[in-house]
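Listed below, chain by chain, are the residues.
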Amino acid sequence: MKKIVACVTVSLFFVMIPLMSSAKKPLTENEMDATTAQEGVSINFGGAAYTTSHFVVGFDPPDIQSWGEADGCSTCGGYTSSGWVGMRDMTMDASANIILYNTMKIDVGTSGGVTKTFINPGSILAHPVGTNATVAMGTGPTLSGTQVLGRIYNDKFAVAVNPLGTGYMAISNHSATGQEGIEIGFGSYYPISTGTGAAWGAYYPSTYGMVVSIPNSRIDNSWGDMDGDQSGATTYTNAGYFGAKDFYTGTGTEGASGTGFYALVSGTMTIDVGSDGGGKTAVVIGLPTVTLLRDMYGQQNCFVSPLVFATDRELNTNVQSLGTLYTGGVSMSPSGSLVISAHN
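Residues numbered from 1 in each chain as written. Predicted model: local features only at pLDDT ≥ 70, side-chain atom pairs only at ≥ 80, totals over all residues. Heavy atoms only, no water.

A residue-level look at the protein finds 78% of positions with pLDDT of 70 or above and a mean pLDDT of 80. Low pLDDT, under 50, characterises residues 1-37; the stretch is placed with 47 contacts to residues that sit more than four places away or in other chains. pLDDT under 50 marks residues 195-199. Its contacts with residues more than four places away, or in other chains, come to 6 contacts. (pLDDT = per-residue confidence, 0-100. Contact = heavy atoms within 4.5 Å.)

We now examine the pattern of salt bridges. Taken as a whole and assessed by the stated rule, the structure comprises 4 salt bridges. Ionic pairing is found between Asp155 and Lys156, a salt bridge with its closest N-O pair at 3.1 Å. You can call Lys156 partly exposed: its relative accessible area is 27%. Notably, a salt bridge pairs Glu314 with Arg313, separated by 3.0 Å at the nearest N-O pair. By relative accessible area, Arg313 is classed as partly exposed at 36%. (Salt bridge = Lys/Arg side-chain N within 4 Å of Asp/Glu carboxyl O. Buried < 20%, exposed > 50% of the residue type's maximum accessible area, 1.4 Å probe, protein only.)

Okay, unusual backbone geometry next. Positioned with a positive phi, Asn102 is a non-glycine residue whose angle comes to about 60°. Along the polypeptide, Asn102 turns up in the loop between β5 (97-101) and β6 (103-111). For Asn102, a relative accessible area of 15% gives the class buried. Positive phi values are uncommon outside glycine, yet Asn162 reaches one of about 60°. Its location among the elements puts Asn162 in the loop between β11 (159-161) and β12 (167-174). (Helix = DSSP H or I, 4+ residues; strand = E, 2+ residues; numbered from the N terminus.)

Moving on: the state of the cysteines. Under the definition given, this model contains 1 disulfide. Residue pairing for Cys73: its cysteine sulfur links by disulfide to Cys76, the two sulfurs lying 1.8 Å apart. Handedness of the Cys73-Cys76 disulfide follows from its S-S torsion of about 60°: it is right-handed. Residue Cys73 is classed as buried on the basis of its relative accessible area of 15%. (Disulfide = S-S within 2.5 Å.)

With that settled, consider a nonpolar patch on the surface. Taken together, the side chains of Trp67, Val85, Met137, Leu149 and Trp223 present a nonpolar region at the surface, about 500 Å² in accessible area. Relative to the elements of secondary structure, Trp223 occurs in strand β15 (residues 219-225). (Patch = residues over 30% accessible without salt bridge, like charges linked within 9 Å, V, L, I, M, F, W, Y side chains within 5 Å. Areas by Shrake-Rupley, 256 points an atom, 1.4 Å probe, with all protein chains shown as cover.)

Here the focus is the pairing of strand β4 (residues 83-91). Relative to β4, strand β3 (residues 64-69) runs antiparallel, the two sharing 6 bridges. Note that in β4 the partner of Gln65 across the bridge is Met87. Here 6 bridges tie β4 to strand β9 (residues 129-138), and the two strands are oriented antiparallel to one another. Looking at β9, one finds that Met87 is bridged to Val135. (Pairing = 2+ DSSP bridges.)

By size, the foremost hydrophobic cluster in this structure holds 18 residues, and its most contacted members are Met169 and Phe186. For this core, the secondary structure elements donating two or more residues are β1 (41-44), β5, β6, β11, β13 (179-188) and β17 (261-275). Those residues in contact with Phe186 that sit more than four places away from it in its chain are Tyr168, Met169, Gly209, Met210, Val265, Ser266, Gly267, Met269 and Pro288. Core analysis: the second largest hydrophobic core is formed by 5 residues, Ile99, Leu125, Ala158 and Ala160 among them. (Core = buried A, V, L, I, M, F, W, Y, C linked by side-chain atoms within 4.5 Å.)

Written out as structure tokens, the structure reads:
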């Protein structure tokens, strides 16, 4: 999802560069929020719901998505040649799409000598449908060969980014020091405890940020082997699948779907690239705070996963139920930073 949002945002940002170059009036962030008829760019995609949008993008995933190392692993017991891992044979149903709705807004402003680009992406619903992929390893980026780990499938999924339409990203270099690097601050033009988000205010630790939600819908997810067990130790040599049949998010009432699951992205994400003086380069990513809510509308959020075995990826044939995994009262706030580099 982050990749989708980033691609959309960056593409539109570059398209609008000639228009944004005229936005030179110094404004504080509060002034930018309150000013009307100001310079800037607005792109209206339709109404306040994805069902009323005028802008729908159909998409098909890449055939192959892989990650590899040319020099293998020198400390992994002889695996020193090139190796790759990823997904191949990726397909989606023709109805998979991305829907943009509400209004995207782009502004550039300066305060205290610091310039930032403010992007309200409007609202985005990413809706992959009928996703199939083969998880595999290989000696090259195409993952050709027989080293198949398994097959993944889900019938549908949806993620809504900024469904209230009030969140924004403030993009700049390191504004406090003026140093190179990227800062992306996540906020909202007014507290989400007002307006259409009034019912949410009591449940968020911070009232400013960009909301991400998983609309409630029952989803089938499966993992399987097309050739079963070929070790010779058992007779289970035909295709088999394991997964969640009718997985859903809810609000605390077992057996009944709820209103979906919500998270709030707040704080600042930073991206820097640096070297240690010895020739080693790394990417350092400072994470924003992503808060998964424990409670919503006075009820505990939960995940409900009926687990089954079956002989088809849709989990409809020869179904053998294992039981239901119920996880209630989930609340997490991951944050911190990551350093990504090659091995020494």
